[in-house]
Each structure stands twice: as structure tokens, then as C-alpha cells.
Amino acid sequence: MLAPDVYDTETATLFGSRCTACGTTHFPPKEGCPDCYAETAERIPLSRTGTVYAFTVVHAALPGFKAPYPLLQVDFPEGVRVVGQLVGLEDTSTVRPGMKVVLDTGPVRTDESGDDVIGYRFVPA
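Keep in mind that what you see is a predicted model, and the values were worked out from it rather than measured.

(A) Focus on unusual backbone geometry. Here the amide bond leading from Phe-27 into Pro-28 is cis, since omega sits at -5°, within 30 degrees of zero. The topology assignment puts Pro-28 in the loop between β3 (25–26) and β4 (41–45). Positive phi, normally seen in glycine, also occurs at Ala-12, with a value near 50°. Here Ala-12 is to be found in the loop between β1 (7–8) and β2 (13–19). Look at Ala-12 and you get buried, because its relative accessible area is 8%. Of note in this structure, Tyr-37 is not a glycine but carries a positive phi near 70°. Considering the arrangement of structural elements, one finds Tyr-37 in the loop between β3 and β4. Of the residues examined, Tyr-37 reaches a relative accessible area of 69% and is grouped as exposed.

The following block contains the structure:
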């Protein structure tokens, strides 16, 4: 489960941090800046829409995940790249770099007792 400072399931918002000195954005949020070593950064919401940078289709999933599923690297306008599942496609062969996706909230896996674990994921735009 992601820390509450990374993702808000109620508003489907991912959070990053922006360095107050150099302006670089990071995901997940950082306390300071690993680029310029400034000690302060502000928490910022990321955009809801991104672009697929790269992907793979997972066929041998960990327990709790239903395979096959596309796993994406998504570029956000703020300059960060986020990894997440893609849902909502019947045919995984239609996934392509450059494809627009939207952040979504929903089940990403099941836990040991069979209950859904809710988190962020992506759906086609």
C-alpha cells in the first residue's frame, strides 16, 4: 500500500515534490532535492493525464495479481515518470508508446485473504 502522502484514493491524485531551490519535480515525493541537495521541497499534485513511455505485458505475475496485464512507464507533464498497471483493454497488443492514459483508482491486486487492494492505475484516455 502506498503512503498517504503519495496517492489519495478519494480524489485519484498522485503527489510528487518540487524542489523550492531548483524547481525539479520528483516522484515519489522527497523531503529535499536529490539533484541540487536543497533541504526543502513542496508537495504537489501531478496531472491526471500522461503519456506511455514504455511498457511490458506481465505474464508471470506475483501472487494477488491477475496475469496477463500491461505494466507501464508513464511520463507526466511535470517531468516525472511513474510505473503502474493499465486496465480497461481487452487486447493488450494495442498498447503503444505515445498512448495517452488517465490516472484511475481501483483494485490493483488481491491480498492474502482475497480482498481487493485499492491503488492507482491507468486507463486509456
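Read on, since the account is not over.
(B) Summary view of the pattern of salt bridges. With the rule as written, the count across this model stands at two salt bridges. Notably, a salt bridge pairs Asp-104 with Arg-121, separated by 2.8 Å at the nearest N-O pair. Residue Asp-104 is found in strand β8 (residues 100–110), and its partner Arg-121 is found in strand β9 (residues 116–124); the two are separated by 17 residues along the sequence.

(C) Geometry of the environment of Gly-32. The topology assignment puts Gly-32 in the loop between β3 and β4. In this structure, the C-alpha to C-alpha distance between Gly-32 and Ser-17, residues 15 residues apart in sequence, is 8.6 Å. Once residues within four sequence positions are removed from consideration, Gly-32 is found in contact with Ala-38, Glu-39, Thr-40 and Ala-41.

(D) Structural detail: the side chain of His-26. Along the chain, His-26 turns up in strand β3. Classification of His-26 by relative accessible area gives buried; the value is 11%. Only 3.1 Å separates the side chain of His-26 from the side chain of Asp-35, close enough to count as a polar contact. Residues within four places of His-26 in sequence aside, it is in contact with Gly-16, Ser-17, Cys-33, Pro-34, Asp-35 and Val-80.

What counts and what doesn't
- Residues numbered from 1 in each chain as written.
- Predicted model: local features only at pLDDT ≥ 70, side-chain atom pairs only at ≥ 80, totals over all residues.
- Heavy atoms only, no water.
- Helix = DSSP H or I, 4+ residues; strand = E, 2+ residues; numbered from the N terminus.
- Buried < 20%, exposed > 50% of the residue type's maximum accessible area, 1.4 Å probe, protein only.
- Salt bridge = Lys/Arg side-chain N within 4 Å of Asp/Glu carboxyl O.
- Contact = heavy atoms within 4.5 Å.
- Polar contact = N/O pair within 3.5 Å; in protein donor to acceptor, adjacent residues only side chain to side chain.

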